[in-house]
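So the chains spell out like this:
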Amino acid sequence: MDRLNAIRLFVRLVECGSFSAVGREEGIGQPAVSKQILALERYLGAQLVLRTSRQITITEAGQTFYATAKQLVDGFDALESSVGERQQSPRGMLRINTAPAHGRLCITPLLPGFFRRYPDVAIELSVSERHVDLVGDGIDLAIRHGRLVDSTLTARKLSETDFVLVASPGYLAAKGLPTRLADLDRHACIAFAKDRERYPWSLKVKREKVSYVPRGSLITGDAEQIRAAVLCGLGIAQAPYWLVADEIRSGEVQVLLPELQPERVPIHLVYPSGRRIPMRLRVFIDYLVSAFERAER
């Protein structure tokens, strides 16, 4: 048994709450994690974890051991980093999560430059419109849009984006150009929905925030489909600027009612708190922030 590694796994078990979550995080099977913790318990002569078929419970001895073990692991990691990072290039796997359209349009195009700079880092990029459980799903970093509500995560601001009302010139030629909020009632609106509930559009009327529920024949929970529907001339949509930036510049999409545009929406990089940030994650965060700063100049 590698005692330090077993102690490290136990610390993560307390913080993650399940053997499977620790296994995913470490890239090993759940039985291997359980075997290491059992060996640690035998070495210490104390039961640290109560196991049932559905959950685990940390014993009183386990809670006492965790407090000191956490300090030991953090101290060793800090020591290792201070020496090792001066001599080694970052390496290993990063598990990143973002929304599908944002990944395709904004993140994947940046990866060639990152891999040229850090060839020993691998990235597993997962996409989802829902907010994933970073710890439970073994995610190192997620990109979140909008105001943050999860105080258990550490966040670093990546950028901000405008939300714009857009439609294709072909649709506007057929249906007319809206000139005020009330005009939207007579237009086909493409709505984003989750669990079959339409998300209201956030608008600003004379400095006051207004929620407008879009009406129309198409609702979808996928930003890519909203973009495609706008390009097909199916109606008006509210979308983050980055989703249709190229089409706005080329004239394929037209921005409508800019005076109703709401405040810019922040985009954050978030990752679990209370653990050492590996060098591979730190350089990836710095790389993304720098790339987005250059793009906004």
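Check the entry above for the structure.
Note that the structure is a prediction, hence the values are computed from the model and not measured. (Residues numbered from 1 in each chain as written. Predicted model: local features only at pLDDT ≥ 70, side-chain atom pairs only at ≥ 80, totals over all residues. Heavy atoms only, no water.)

Novice: Hey, could you go over the overall build of the chain for me, with residue numbers and the actual values?
Specialist: When helices and strands are counted, the chain shows 10 helices and 15 strands. For the chain, whose C-alpha radius of gyration is 24 Å, the value lies well above the compact-globule estimate of 19 Å for 297 residues. If you line up the chain on its principal axes, its C-alpha atoms span 80 × 45 × 35 Å. Sorting the 297 residues of the chain into buried and exposed places 43% on the buried side. By sequence separation, contacts in the chain at least 24 residues apart represent 75% of the contacts at least 6 residues apart. (Helix = DSSP H or I, 4+ residues; strand = E, 2+ residues; numbered from the N terminus. Rg over C-alpha atoms; globule rule 2.2 N^0.38 Å. Buried < 20%, exposed > 50% of the residue type's maximum accessible area, 1.4 Å probe, protein only. Contact = heavy atoms within 4.5 Å.)

Novice: Outline the pattern of salt bridges, listing residues and values.
Specialist: Counted under the stated rule, the structure contains 15 salt bridges. A salt bridge links Arg12 to Glu15; the nearest nitrogen and oxygen atoms lie 2.1 Å apart. With Arg12 and Glu15 both in helix α1 (residues 3–16) and 3 residues apart, the pair spans about one turn of that helix. By relative accessible area, which is 9% here, Arg12 ends up buried. For Glu15, a relative accessible area of 27% corresponds to the partly exposed category. Put simply, Glu15 and Lys70 hold a salt bridge, and the shortest N to O gap is 3.0 Å. A residue pair is termed long-range when its members are at least 10 positions apart, and Glu15 in helix α1 and Lys70 in helix α4 (residues 60–84) qualify at 55 residues. Here Lys70 falls in the buried class, since its relative accessible area comes to 16%. Where salt bridges share partners, they join Lys157, Glu160, Asp162 and Arg264 into one cluster. (Salt bridge = Lys/Arg side-chain N within 4 Å of Asp/Glu carboxyl O.)

Novice: Go over helix α8 (residues 223–231) with me, naming the residues and quoting the values.
Specialist: For α8, the full list of buried residues reads Ala223, Glu224, Ile226, Arg227, Ala229 and Val230. Looking at the buried residues of α8, the elements they touch are α5 (100–107), β7 (163–167), β8 (189–194), β12 (219–220), β13 (236–240) and α9 (245–250). Sitting at the amino-terminal end of α8 is Asp222, which places a side-chain oxygen 3.0 Å from the backbone nitrogen of Glu224. Remark: Gly233 follows α8 within two positions and exhibits a positive phi of approximately 80 degrees. (Polar contact = N/O pair within 3.5 Å; in protein donor to acceptor, adjacent residues only side chain to side chain.)

Novice: So what's going on with the sheet that holds strand β6 (residues 153–161)? Residues and values would help.
Specialist: Within a sheet, each strand pairs with its neighbour through backbone hydrogen bonds, oriented either parallel or antiparallel. The mixed open sheet is built from 5 strands, whose spatial order is β4-β3-β5-β15-β6. At either end of the open sheet lies a strand with only one pairing partner, and these are β4 (121–127) and β6. Taken over all neighbouring pairs, the strand axes of this sheet differ in orientation by 20 degrees on average, direction set aside. Alignment of strand β3 (residues 92–98) against β4, held across 7 bridges, turns out to be parallel. What sits directly across from Arg95, in β4, is Glu124. (Pairing = 2+ DSSP bridges. Axes fitted to C-alpha atoms, helices over the stretch in contact; angles between N-to-C directions.)

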